[in-house]
Amino acid sequence: MKFDVMLTGVGGEGVLTTQVMIARAANIEGHYVRGVQLHGLAQRGGVIPTFVRFGSEKEVSSPGIMQANADLILAFEALEAVRATYYARKEKTTFVINDYSLVPIYASLFNIPYLTMSEIIKRIKPFAKRIHVFKASHLGREKLGNAIFGNTILVGVVTGIGLLPLKEDSLREAIRVTAPREMENNVKAFELGLQLGREKRSTR
Amino acid sequence: MKMDVLEEPGKKVVLLGNEAIVRGALEAGVGFVAAYPGTPSSEVPMTFSRIAKKVGLYFEYSSNEKVAFEAATGAAWSGVRAMTSQKHFGLNVAADSIPPVAYTGVRAGFVVMVADDPSAWSSAQTEQDTRYYARMFKLPMLEPSNPQECLDYTKLAFDLSEEFEIPVFLRTTTKINHSIGTVRFGEIKKPKIRGRFQKDPDKYYNLKPHLQVLHERLNEKLRQIEEKYGQKLNKVFPGEGKIGIITSGVSFEYAKEALLELGLKPPIAKIVLTHPISKSFVSNFIKDKEAVLVLEELEPILENFVKQIAKEANPNLVIHGKDLLPKSDEYNLERVIPALEKIFGKKFGIDFDDHKKKVDSASKNLTPRKPVLCPGCPHRSTFYAVKKVFGDEAIYAGDIGCYILGALDPINMQDFIVSMGAGIGVSHGIGIVSDQDVVAFVGDSTFFHAAMPAILNYRFNNAGKTPLIVVLDNAITAMTGHQPHPGSGFTGMGEKVEPVKIEDVVKALGAQVKVSNAFSQKQLIQALQELKSIEGPKVLVSRGGCRLLTRRQFRAKGLTLPVFEIDQEKCTKCGICTNDFACPAIVKATVEPGGEPVYSINPDICLGCAVCVQICPEGAIHAVKKEGEK
């Protein structure tokens, strides 16, 4: 077994923390885990493509995901979902997109307008088995006082829908050890997302 | 990942490669660690810094890599297991002191960890291949391929070092350092932290003719290491057919997975001891093969070695490597698979080129997102003021730190970037032969690391047109993840110390100095104008804390940062805040297609530095919540 998750977003959004949460949950379930964080110059404001891979040690060895081979792509920033198509293909990849924009300074500077959500979806469609869109950051700000909880909400969503083959309790435990300072809010965020995901699952 | 490196033996934990290196060192009983941070190696010292007190070992952030290497040498000579870590360029700094220690050898185990950065994820400048150093300095080098091996080979490197009394390189690359993987823990060994230096002319006296004795001893050590460990450390994974793969480091992981994807099972030789490479190991592997593919990132070091050995062992062997794969950039699955397709004549199910074309078409006219200085960064404010005073024509010398991002639009104020402290040195040469205005930027950590001799050199030679040196002082080594330096006021062990003031050092070096608040445009411009008009060595210290740390400190106290808003009545949409100042927290967006743009501040990422308030010509930006208000 092998499951490839790509997380993408903008430096400073908490993408790396989310990678650690998922990696720990997979480890709790006894999977062999690999992954990589492509950060460096992009402490803040740059793109952070991040991978978590889990399954059997025989099948999982490269730290990064192969082009066109992600099972699941979580885009914490909407525009970055388009750049992530490099790792996606129609037969395999599900996109879960946070409807949240961090407009790069280059939109104004080079006069290249930021895409609308419908244009983003249009561009992703040829690479996606399914696309789900959630206003996770807005929900985080509204219910928990900070947009950054959108990440954990989205992890809850994919677990609730059944897109991430890991148990709810493994993720709960992983969240507890990964975010000790903001544990309470992160657990709440996860439960919020889980509920949203379950609703989505029952209506589809 | 927090305190995971101290988990119980037998536990399986997911760690970063860098964290696994720390665990390996702890299991080897390391007692002394000194380092200067440099990404992709930075999490090694950061992890040591977090746990040093708890484990009872000594850790320090040294002022640069050379000093760190020397300090660790002192500990290893005195019988305490020691380690130093750095990125590839850091090893260039330390390089001056390494070869003599290769000749004298050490007493306790001494591991020199180095992180190369193919693809330059965390570097500018070059993609140097540090494996050449092992050959030039005649030191053994081990290369792990995943986090588990990071632990295992760090531990082994200490034993190897102690057995042969020789420093050992542990060489990694970004995709080892920053990759995560499941790691199984062994026992942590209680560190020995006290030792004693014993005078020993036979070991340390390195003047000729004894120098040649030491040199021959080193040659003999390498010969013995090759003989004893060449077969033991390198591994053969048996397979089918007459075509073999020879690889090392992360390339092994790509090879393994790519072959599985292609349904191929050729024999693989994994080189772990990449210096000295075992002649007999390679010879045995290639003697019955028709062809081999050598998979290694950057330089064809293994490949050239195989070519040399094949002359005797198997002259008809076809050797592939850099004929099919590039010498620049890093490898990955989609690079390795086409090389395997060619050699084995087997087609993979996905056409990568075709897929890439579809991606390019979907990504057409996509707003680029290059890294930028953070919202609230004091450097943005300083760059803005310097450009106001010196204009577009002045030469802007760059250096290494967050301010490297000043090379990008719209700042464009890093005309060249060489190495730590080099902006000042290069500016001296320009000033001797040209009358151009030169401004040399340097960070606070970089100032202490390598800039001081260059400033002293101005005072000494006192010739030509001296540039203005602008020290961007945010009180921390920010880019690599907020490590302390001599001006920060605390050490890597978390001890409070009296911070060294940059202005005091500058004065002692014989330059005139002014200090300005980095968040005050008025103060900055006044100081810059004054300095512009004076002759001789001159320095502006632009001081303002990294806002990411300020935010952290505010949060810890339960306080909030101020919140700002753009008054839509006053805003004339001139675009200075977005296009000249270019803070990422200020957003220009058109609500209706084809409609008028609206400028606003994103409260999720604004860090409340209030510089935009000062640069808005209409006074349209104001605080809606003051600092500290709930």
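The sections below set out a description of the structure shown in this document. (Residues numbered from 1 in each chain as written. Chains lettered and ligands numbered in written order. Predicted model: local features only at pLDDT ≥ 70, side-chain atom pairs only at ≥ 80, totals over all residues. Heavy atoms only, no water.)

As for the overall build of chain B
Secondary structure summary: chain B contains 23 helices and 23 strands in total. By the compact-globule yardstick of 25 Å for 630 residues, chain B fits well, its C-alpha radius of gyration being 27 Å. Judged by the C-alpha coordinates and their principal axes, chain B covers about 80 × 65 × 55 Å. For chain B, buried positions account for 59% of its 630 residues. Contacts in chain B between residues at least 24 apart in sequence constitute 76% of all its contacts with a sequence separation of at least 6. Looking at chain B as shown, the accessible area adds up to about 25300 Å², and 52% of this sits on carbon and sulfur atoms. Side-chain charges of chain B comprise 77 positive and 73 negative groups, with the mean position of each set lying 4 Å from the other. (Helix = DSSP H or I, 4+ residues; strand = E, 2+ residues; numbered from the N terminus. Rg over C-alpha atoms; globule rule 2.2 N^0.38 Å. Buried < 20%, exposed > 50% of the residue type's maximum accessible area, 1.4 Å probe, protein only. Contact = heavy atoms within 4.5 Å. Areas by Shrake-Rupley, 256 points an atom, 1.4 Å probe, with all protein chains shown as cover. Lys, Arg positive; Asp, Glu negative; His and termini not counted. Charge placed at Lys NZ, Arg CZ, Asp CG, Glu CD.)

Some points on the overall build of chain A
Looking only at helices and strands, chain A features 8 helices and 6 strands. From first element to last, N terminus to C terminus, chain A shows the α and β order β-α-β-β-β-α-β-α-α-β-α-α-α-α. Against the 2.2 N^0.38 benchmark of 17 Å for 204 residues, chain A shows a C-alpha radius of gyration of 16 Å, consistent with a compact globule. Once the C-alpha set of chain A is aligned to its principal axes, its extents read approximately 50 × 40 × 40 Å. Every one of the 204 residues in chain A was classed for burial, and the buried ones make up 65%. Here the analysis covers contacts within chain A between residues at least 6 apart in sequence; of these, 66% occur between residues at least 24 apart. For chain A, the exposed area adds up to about 7200 Å²; of that, 51% sits on carbon and sulfur atoms. One finds the centroid of the 27 positive side-chain charges in chain A at a distance of 4 Å from the centroid of its 19 negative side-chain charges.

Quick look at the side chain of N64(B)
Residues and elements named next belong to chain B. Its location among the elements puts N64 in the loop between β3 (58-61) and α3 (65-77). For N64, a relative accessible area of 12% gives the class buried. Among the polar contacts listed, one links the side chain of N64 to the backbone nitrogen of V67, at a separation of 2.9 Å. Of note is the side chain of N64, whose polar atom sits 3.0 Å from the backbone oxygen of H449. When near neighbours in sequence (up to four residues on either side) are disregarded, N64 contacts Y36, V93 and H449. (Polar contact = N/O pair within 3.5 Å; in protein donor to acceptor, adjacent residues only side chain to side chain.)

Some thoughts on the interface of chain A and chain B
The extent of an interface is frequently quoted as the accessible surface area lost upon association of the parts. If you look at the interface, chain A gives 67 residues, while chain B gives 71 residues. Taken together, the links from chain A to chain B amount to 7 salt bridges. A salt bridge links D4(B) to R24(A); the nearest nitrogen and oxygen atoms lie 2.7 Å apart. One can count 29 residue pairs in polar contact (both at pLDDT 80 or more) joining chain A with chain B. Broken down by element, the residue count for the side of chain A that touches chain B peaks at 6 residues, all from strand β2 (residues 32-37) of chain A. Its residues assigned to classes, the side of chain A that touches chain B comprises 34 nonpolar, 19 polar and 14 charged. Bridge count for β2(A) against strand β8 (residues 179-184) of chain B is 3 bridges, and the pairing is antiparallel. Within β8(B), the position partnered with R34(A) by the bridge is G181(B). (Salt bridge = Lys/Arg side-chain N within 4 Å of Asp/Glu carboxyl O. Nonpolar A, V, L, I, M, F, W, Y, C, P; charged D, E, K, R; others polar. Pairing = 2+ DSSP bridges.)

Description of the sheet that holds strand β11 (residues 268-270) of chain B
All names here are of chain B. Taking strand neighbours across the sheet as the criterion, the 5 strands line up as β9-β11-β10-β13-β14 in an open arrangement whose pairing is mixed. The strands lining the two open edges of the sheet, one partner per strand, are β9 (235-237) and β14 (318-320). Strand-to-strand twist of the sheet, defined as the mean angle between neighbouring strand axes without regard to direction, takes the value 20°. As defined by bridge partners, strand β10 (residues 243-247) adjoins strand β13 (residues 291-295) across 5 bridges and the pair is classed as parallel. The partner of I245 across the bridge, within β13, is L293. Here helix α11 (residues 250-262) sits on the sheet in contact with β9, β10, β11 and β13, set at roughly 150° to β10. Packing against the sheet, helix α13 (residues 301-313) makes contact with β10, β13 and β14, and its axis sits at approximately 175° to β14. (Axes fitted to C-alpha atoms, helices over the stretch in contact; angles between N-to-C directions.)

Some points on the nonpolar core
Residues and elements named next belong to chain B. Ranked by internal contacts, the top residues of the largest apolar core, which has 94 residues, are V30, F48, L57, M83, L142 and F169. Two domains share this core, each providing at least three of its residues, namely domain 1 (12-231) and domain 2 (234-362). Counting residues in hydrophobic clusters, the runner-up holds 59 residues, among them C374, M413, I424 and A511. (Core = buried A, V, L, I, M, F, W, Y, C linked by side-chain atoms within 4.5 Å. Domains from an automatic or database assignment.)

So, the packing of aromatic side chains
Aromatic ring pairs are defined here through the distance separating the ring centres and the angle between the ring planes. Evaluation of the coordinates by the stated rule reveals 19 aromatic pairs over all chains. Here the aromatic rings of Y86(A) and Y87(A) are separated by 4.9 Å at their centres, their planes lie at 80°, and the arrangement is edge-to-face. With a centroid separation of 6.3 Å and 75° between ring planes, the pair formed by F164(B) and Y229(B) is classed as edge-to-face. Residue F164(B) is found in helix α7 (residues 147-164), and its partner Y229(B) is found in helix α10 (residues 210-233); the two are separated by 65 residues along the sequence. For Y229(B), a relative accessible area of 12% corresponds to the buried category. An aromatic cluster is present here, built from F51(A), Y86(A) and Y87(A) joined pairwise through their rings. The ring of F581(B) is capped by R380(B), whose NZ or CZ atom sits 5.8 Å from the centre of that ring. If you follow K532(B) out to its NZ or CZ, it ends over the ring of F390(B), 5.1 Å from the centre. (Phe/Tyr/Trp six-rings, centres within 6.5 Å; stacked < 30°, edge-to-face > 60°. Lys NZ or Arg CZ within 6 Å of the ring centre and 35° of its normal.)

Side note on the pairing of strand β21 (residues 586-590) of chain B
Here is the key point about a regular strand: its side chains alternate between the two faces of the sheet. Residues and elements named next belong to chain B. As paired elements, β21 and strand β22 (residues 597-601) share 5 bridges and run antiparallel to each other. Each bridged residue has a counterpart across the sheet, and for A589 the counterpart in β22 is V598. Connecting β21 to the next strand, β22, in antiparallel fashion are 6 residues, including G594 with a positive phi near 80°.

Quick notes on the sheet that holds β8(B)
With mixed pairing, the 8 strands of this open sheet are ordered in space as β6(A)-β5(A)-β4(A)-β1(A)-β3(A)-β2(A)-β8(B)-β1(B). Either end of the sheet is taken by a strand with one partner, and the two such strands are β6 (130-134) of chain A together with β1 (12-16) of chain B. Going across the sheet, the axis of each strand differs from the next one's by a mean of 20°, ignoring polarity. Sheet topology places strand β4 (residues 72-75) of chain A next to strand β5 (residues 94-98) of chain A; 4 bridges connect them, and they run parallel. Bridge pairing in β5(A) links L74(A) to V96(A).

Some words on the environment of M83(B)
Residue and element names in this part refer to chain B. Along the chain, M83 turns up in strand β4 (residues 82-87). Accessibility expressed as a relative area gives 0% for M83, which makes it buried. For the pair M83 and K347, spaced 264 residues apart in the sequence, the C-alpha separation amounts to 46 Å.

A few points about helix α15 (residues 352-362) of chain B
Every buried residue belonging to α15(B) is among F352(B), H355(B), V359(B) and A362(B), and all of these are buried. Within α15(B), the buried residues cover an arc of 85° as seen down the axis, which keeps them to one side. Seen from the buried face of α15(B), the exposed residues on the opposite side, beyond 90 degrees, are D353(B), K357(B) and S361(B). The secondary structure elements touched by the buried residues of α15(B) are α2 (80-83) and α4 (117-124) of chain A together with α14 (333-344) of chain B. (Arc of directions from axis to C-beta.)

Quick notes on the packing of helix α1 (residues 17-27) of chain B against helix α2 (residues 43-55) of chain B
All names here are of chain B. For the pair α1 and α2, the least separation of the axes is 8 Å and the interaxial angle reads 40°. One finds that α1 runs oblique with respect to α2. In the packing of α1 onto α2, the handedness of the crossing is right-handed. Where α1 approaches α2, its residues N18, E19, I21, V22, A25 and L26 are matched on the opposing element by E43, V44, T47, F48, I51 and V55. Of the residues belonging to the contact of α1 with α2, the class tally is 8 nonpolar, 2 polar and 2 charged. (Parallel < 35°, antiparallel > 145°, perpendicular 65-115°, else oblique. Left-handed = near helix turned anticlockwise from the far one by under 90°.)

From the geometry alone we can't say anything about function, so treat these as descriptive.
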